[in-house]
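# Structural description and commentary
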Amino acid sequence: MSSTSNSFYDPGLAREINALYKEQYADITSFLCALIKHPSLLGDEESAQNFIEETFISMDLVVDRFAINHEALKTVEGYSPSVGEWDGHDNIVGVHRTKSSKGNSLILNGHIDVVPVGAEDLWSSKPFDPVIKDGRIYGRGGGDMKAGIAAYIFAFNSLKKLGYRPASDVFLQSVVEEECTGNGALACLHRGYKADAAIIPEPFNETIMSAQMGVMWLQIEVTGKPAHVLHDTQGNNAIEATFKIWAHLKKLASEWNKNKHLHPPFHAAEAPVKFNLGKISGGEWASSVPTRCQMDIRCGFFPGQSPKEIQQVIERHLEITIKNDPSLENINYTIAYSGFQSPGCVVDTSSKFINLLSDTHEKELGRPAELFASAATTDVRTFQLYGHIPATCYGPEALNIHGIDESVSIQSTVDVSRVICHFITQWCGIEKVD
């Protein structure tokens, strides 16, 4: 790995970059709005990825477009059980290769998939028809994380506009499935894309991520005994039992949160272990005691614990608590695991990579970069744990991600892009375009 000294810093080029960014506010705004208009929900990313592919081609990048091969990935460490397979469900990688290799190589990664809009009638405007108001762009996926993709695209392309290119390999990745498995980033790694560092511009308010929690998705199906409501005492209500089981499971999260002092990055977090009952369905008829009910749950857990270990702890906890709950005596249940089975990770914040990113942020924005330990998961774990690539998240300020009226700050997006551009010049080095 190459040195990360600031020998590549060029004050003259730095001034050129800053001057160019003063002119790019409208361009970045326009690009991000155009990207939001592609409703890239899970399995429906093709239109947005076509847009990204066209953008990469216009930047003179070599484009590698490929689908996730689940059969090939199932044996790869870090794979999470698929929640579905779709046509046009591709990753896009824009490849910049250099012959000189004067600096360090870099991955700029972002996910194109966005979460469902929820109750659309609660939005102030149509979720995929972006609205600009008070310096913000409103629209699903604007913050999480199409603004980050816009930021790294403009960071790379700004150098090209000034007649430069990175003096080392750079890979711009637009991946799928970040919101459910992380298999998109894993597929990039499995395809051979490695570098000396990776930045993911997730919307963490211009902080540098120092750690992230593990995340597991599980599905619990509860079976009761059906009966007519006239004879409800002869039945066992699966829906009511499901909520009781959920209450038992939440107690486990409370217990784990008591151990946050054992995990230094999360000392300041109020409750880093977060369990969420995200989906529930059950019952057959309003006048029948329901037979079945299923809940889909997201469980967080600390770095250093494996998904297999967490599965065993959860299963044992439910076995004991349900056995000791008389109201659940005649209830049966099964547990399945699909979606995230993702361990947490800790970032080495003393590394030359993080120090340079932090120094660049402070120099360009005039304030120290804060560290952030995330209770959520990101594709950073793929690079850190399985690619042994130093990685972190550094992205713009956003509000209501996964919620109603999601929005992102335009100025923050511009600032993050500018910082990443300056970082590239020092981390990767630069050379004149022939």
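Provided above is the structure to which this section pertains.
Attention in this report is confined to the structure presented alongside it. Fair warning: this is a prediction, and the values are worked out from it, not measured in the lab. (Residues numbered from 1 in each chain as written. Predicted model: local features only at pLDDT ≥ 70, side-chain atom pairs only at ≥ 80, totals over all residues. Heavy atoms only, no water.)

## Here we look at the layout of surface pockets
Rule in force here: Here a cavity is any set of points on a 1 Å grid over the protein atoms alone where a 1.4 Å probe fits but cannot get out, and a pocket is any open set with protein on both sides within 12 Å along at least 5 of 7 lines; a residue lines the site when it has an atom within 4 Å of a point. Grid points are joined across faces, edges and corners, and a volume is the space filled by probe spheres set on the points. The numbering of helices and of strands both runs from the N terminus, where a helix is a DSSP run of H or I of at least 4 residues and a strand a run of E of at least 2. Classification used: nonpolar for Ala, Val, Leu, Ile, Met, Phe, Trp, Tyr, Cys and Pro, charged for Asp, Glu, Lys and Arg, polar for all others including Gly.
One number sums up the size of the largest pocket: a volume of about 1300 Å³. Contributing to the lining of the largest pocket are 37 residues, with Val115, Glu179, Trp217, Phe340 and His402 lying nearest its centre. With 4 residues, the top contributor of residues to the lining of the largest pocket is strand 12 (residues 275–282). Here the lining of the largest pocket is built from residues that sort into 18 nonpolar, 10 polar and 9 charged. Looking at the second largest pocket, its volume works out to about 300 Å³. Taken together, 17 residues line the second largest pocket, and the ones lying closest to its centre are Asp60, His96, Arg97, Phe156 and Arg165. Those elements giving two or more residues to the lining of the second largest pocket turn out to be strand 2 (90–96), helix 5 (142–161) and strand 6 (164–166). Split by residue class, the lining of the second largest pocket holds 9 nonpolar, 2 polar and 6 charged.

## What about the pairing of strand 3 (residues 106–111)?
For a regular strand, side-chain orientation follows a simple rule: the groups alternate between the two sheet faces. Heads up, the rule is: The rule is simple: take the accessible area with a 1.4 Å probe, protein chains only, and divide by the maximum for that residue type; under 20% is buried, over 50% is exposed, in between is partly exposed. Here, any two strands with at least 2 DSSP bridges between them count as paired.
With 6 of 6 residues buried, strand 3 is to be regarded as a mostly interior element. Residues Leu106, Leu108 and Gly110 of strand 3 are buried on one face, and the alternating residues Ile107, Asn109 and His111, pointing to the opposite face, are buried as well. Examined bridge by bridge, strand 3 and strand 7 (residues 170–175) share 6 bridges and lie parallel to one another. Within strand 7, the residue paired with His111 across the bridge is Val175. Pairing analysis gives 2 bridges linking strand 3 to strand 8 (residues 198–200), with the strands arranged parallel. If you follow Ile107 over to strand 8, its bridge partner there is Ala198.

## A few points about the sheet that holds strand 18 (residues 371–374)
Read from one edge of the open sheet, 3 strands run 17-9-18, paired in mixed fashion. Two strands lie at the open edges of the sheet, namely strand 17 (345–346) and strand 18, each paired on one side alone. Strand direction decides the pairing type here: strand 9 (residues 208–212) and strand 18, joined by 4 bridges, are parallel. Paired with Met209 across the strands is Phe372, a residue of strand 18.

## So, the packing of aromatic side chains
Stated precisely, the cut-off is as follows: Paired rings are identified among Phe, Tyr and Trp, the last through its six-membered ring, by centres lying within 6.5 Å, and are further divided according to the angle between planes into stacked (under 30 degrees), edge-to-face (over 60) and tilted (the rest). By the criterion adopted, a ring carries a charge over it if an Arg CZ or a Lys NZ lies within 6 Å of its centre and within 35 degrees of its normal.
Under the definition given, this model contains 10 aromatic pairs. When the ring of Phe353 is compared with that of Phe423, the centres are 5.9 Å apart and the planes differ by 70 degrees; the resulting orientation is edge-to-face. With Phe353 in helix 9 (residues 352–365) and Phe423 in helix 11 (residues 410–427), this pair connects stretches of sequence that are 70 residues apart. With respect to burial, Phe353 and Phe423 carry one shared label: buried. Over the ring of Phe66 we find Arg191, and its NZ or CZ is 4.1 Å from the ring centre.

## Quick look at the environment of Ala286
In this fold, Ala286 is placed in the loop between strand 12 and strand 13 (288–289). Residue classification places Ala286 among the exposed positions, given a relative accessible area of 82%.

## Here we look at the sheet that holds strand 21 (residues 407–409)
This is how the line gets drawn: Any two residues having at least one pair of non-hydrogen atoms within 4.5 Å are treated as being in contact. To define axes, lines are fitted to C-alpha atoms, for helices over the stretch in contact only, and angles between the resulting N-to-C directions are given on a 0 to 180 degree scale.
A sheet is described by the order of its strands in space; here 4 strands give the open sequence 4-5-21-20, paired in antiparallel fashion. For this open sheet the edge positions go to strand 4 (131–133) and strand 20 (398–399), each flanked by a neighbour on one side alone. Pairing analysis gives 3 bridges linking strand 5 (residues 136–138) to strand 21, with the strands arranged antiparallel. Along strand 21, the bridge assignment pairs Tyr138 with Ser407. The sheet contacts of helix 2 (residues 25–36) involve strand 4, strand 5 and strand 21, and relative to strand 5 the element is tilted by about 10 degrees. In the packing of helix 11 onto the sheet, contacts are made with strand 4, strand 5 and strand 21, and the angle to strand 21 comes to roughly 55 degrees.

## Some points on unusual backbone geometry
Put simply, Asp144 and Met145 share a cis peptide bond, and its omega is -10 degrees. Within the element layout of this structure, Met145 appears in helix 5. Positive phi values are uncommon outside glycine, yet Glu177 reaches one of about 65 degrees. Looking at the secondary structure, you find Glu177 in the loop between strand 7 and helix 6 (183–190). Non-glycine residue His402 carries a positive phi angle of around 70 degrees. Summarising the element assignment, His402 is placed in the loop between strand 20 and strand 21. Look at His402 and you get partly exposed, because its relative accessible area is 46%.

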